[in-house]
Every structure is written in structure tokens, then in C-alpha cells.
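As a plain string of letters, each chain reads:
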Amino acid sequence: MFHYFIIGFISLLSFSCNSNDKKVNSEKDLNIAEIKISNKLMNSTALTKAFVLGKFDYSKDSTFTQVNIAFTHKTVFLKKETYNAFLAMADSAKKSGITLAIYSGTRNYVEQKSIWERKWNKYGTLKPLERVNKILEYSAMPGSSRHHWGTDIDLNSLNNSYFNRGNGLKVYMWLKNNANTFGFYQVYTDKSSGRKGYNLEKWHWSYLPLASKYLKFYNAEVTSEDIEGFSGSEYAEQVNIIDDYVNGLALSVKNYK
Ligand SMILES: [Zn+2]
């Protein structure tokens, strides 16, 4: 594996060195080409139901890697392909004076369950269905989160208002204008298009070259009966967890090919 990494690194270097001669159209073209080359070298995890439901240990999976602490204040893992694309994006952002930091990356079923149960207890005064809907404003049921896949990242802040002014607004505008070039899309936009599911999340960006494949598999293999094993899971079907939440996506994400 290390051997392939070295070859990949050398080929990346030579590609970069030759790029001026080949008159690559723009920096963006170069970055996406670099991502494609390096991603060819990666192994891909077998796509299984357990994987898309988050029932695995990403820290022991060779297709995942830990994010450098230069980009995050905690232990974060991502699929290697996602991380390569993020590095290219962060590098380009830096040249425009924008710093991208990863607040959250992969979370497996167990971790999502602990978030869910904490909020379940927090909203203990509500009736069960209201409780479920309250948590679902921003948090996924365990087994239904895109964060299970190693493709989705929360950037810079978990507060929409941060992105409305000052530095946060600059970050958000840069992402809106450039992230798609690197394969990252905002998944939970405002609901003016009729999108259902989670509220607006300006921080949540998904690496669609991988995530779109995983969603397709998820929709083919998973039913609401698979969303189980936590408080309130009996409401999974009633709240349309798969149709309205797993598939409650921005149009650009739904239409991604
Ligand atoms: Zn997120």
C-alpha cells in the first residue's frame, strides 16, 4: 500500500511539474485532475449494507485516513478519496485567503446513537413523536446519516449565523463558488425548493463522486426496518426517515450524475 502511495505521490509531482507545459486551463482543472489520479490508486471498500448503515469501525478500515491536525481540533477520519479532494480544496481556498477547518467527519452508528440519545434525553418533556421531530431538525437517526460514509464534512462552524457575515460569509461564498469543482456540494440548503428533511446547514458539504454511489446503494438495499436499536426508532417509518431525510437533499445533489 505504501509502495503505491509513493508511486502515486511521484506521479502527482510529475503531473504538477508538467502542468505548465500542457497549458492546463485553470487551477481548478488541475486540482480536479490531481484528485482523479490519486483516487485511482485507492482501494475501494466493498459496498455493503453494514457500511452504509455505519455499522463498522472506520479507524480500522484501510480505505479511511485520519485528518491532519492542521485542519481540525479533534480526531477526524474520512474516506481517503474524500480527504484528497478536501486537501485540494483547502489548498485552493488558502490561496484566496480562506481557511477551511473540519469540525466533524465520519461518525459511525455507535457515535450517532450517542448523539441521538443525548438529544432524546434533552427533549424529555416532549411527547415521543415531537421529540423525534425536534432531534431530526439537525441530527440524523443512527443508521441514516451521511456522516457514516466518510464522504461528508462539517466545516468551520455548526452555526448558520456564523456564515451570514464577516469571515464566515467569505468562507460560505467561497464554498458556494468553488466547492463543486472539487466534488463537494451543500446538501441541506434552505427549503424554498420544497426540499424536506433537515433544516438548512451551511456547514455540511458532501463529496458526491462517492456519496452519490452510496446513496444509490442505500436506496436499493435499506428500508425503515433497518433503522433500529435506539430510543424512538419505532417512529422511523412514520417520519419517512428514508424518503424525507436520507433523500431530503438539495436539487443539485439529487440531480448529480
Ligand atoms: Zn453534518
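See the structure above.
One structure accompanies this document, and this report is about it.

1. Here we look at the sheet that holds strand E5 (residues 184–186)
Consideration 1: Read from one edge to the other, the open sheet built from four strands follows the order E3-E4-E6-E5, with strand pairing classed as antiparallel. In this open sheet, the two edge strands, each paired with only one partner strand, are strand E3 (102–104) and E5. Averaged over neighbouring strand pairs, the angle between their axes works out to 45 degrees when direction is ignored.
Consideration 2: Sheet topology places strand E4 (residues 152–155) next to strand E6 (residues 204–207); three bridges connect them, and they run antiparallel. Along E6, the bridge assignment pairs Asp152 with Ser206.

2. Some details on the coordination of the zinc ion
Octahedral metals with six donors have ideal donor angles of 90 or 180 degrees. Tetrahedral metals with four donors have an ideal donor angle of 109.5 degrees.
Consideration 1: Around the zinc ion, the protein contributes the donor atoms His147 (NE2), Asp154 (OD), Asp154 (OD) and His204 (ND1), which lie 2.0 to 2.8 Å from the metal centre.
Consideration 2: Between the four donor atoms coordinating the zinc ion, the angles at the centre fall across 51 to 151 degrees, so the site counts as irregular.
Consideration 3: Along the chain, the residues donating to the zinc ion fall in the pattern H-x6-D-x49-H. Residues His147 and Asp154 agree in their burial class; the two are buried.

3. A look at the packing of aromatic side chains
Consideration 1: Inspection of the entire model under this criterion finds 18 aromatic pairs.
Consideration 2: Residues Trp149 and Tyr214 carry aromatic rings whose centres are separated by 6.1 Å and whose planes lie at 85 degrees to one another, so their mutual orientation is edge-to-face. Taken together, the residues span a long stretch of sequence, with Trp149 in the loop between helix H6 (128–135) and E4 and Tyr214 in helix H8 (residues 208–221) at a distance of 65 residues. Each of the two residues, Trp149 as well as Tyr214, counts as buried.
Consideration 3: An aromatic cluster of three or more residues is present, and its members are Phe51, Phe56, Tyr58, Phe64, Phe77, Trp149, Tyr214 and Tyr218.
Consideration 4: The residue whose ring lies beneath Lys55 is Tyr109, and the NZ or CZ to ring-centre distance is 4.8 Å.
Consideration 5: A cation sits over an aromatic face here: Arg131 above Trp120, 4.0 Å from the ring centre.

About the cut-offs
Residues numbered from 1 in each chain as written. Predicted model: local features only at pLDDT ≥ 70, side-chain atom pairs only at ≥ 80, totals over all residues. Heavy atoms only, no water. Pairing = 2+ DSSP bridges. Helix = DSSP H or I, 4+ residues; strand = E, 2+ residues; numbered from the N terminus. Axes fitted to C-alpha atoms, helices over the stretch in contact; angles between N-to-C directions. Donors = N, O, S within 2.8 Å, 3.2 Å for Na, K, Ca; no water. Tetrahedral: all angles 85-135°; square planar, octahedral: opposite > 155°, others 65-115°. Buried < 20%, exposed > 50% of the residue type's maximum accessible area, 1.4 Å probe, protein only. Phe/Tyr/Trp six-rings, centres within 6.5 Å; stacked < 30°, edge-to-face > 60°. Lys NZ or Arg CZ within 6 Å of the ring centre and 35° of its normal.

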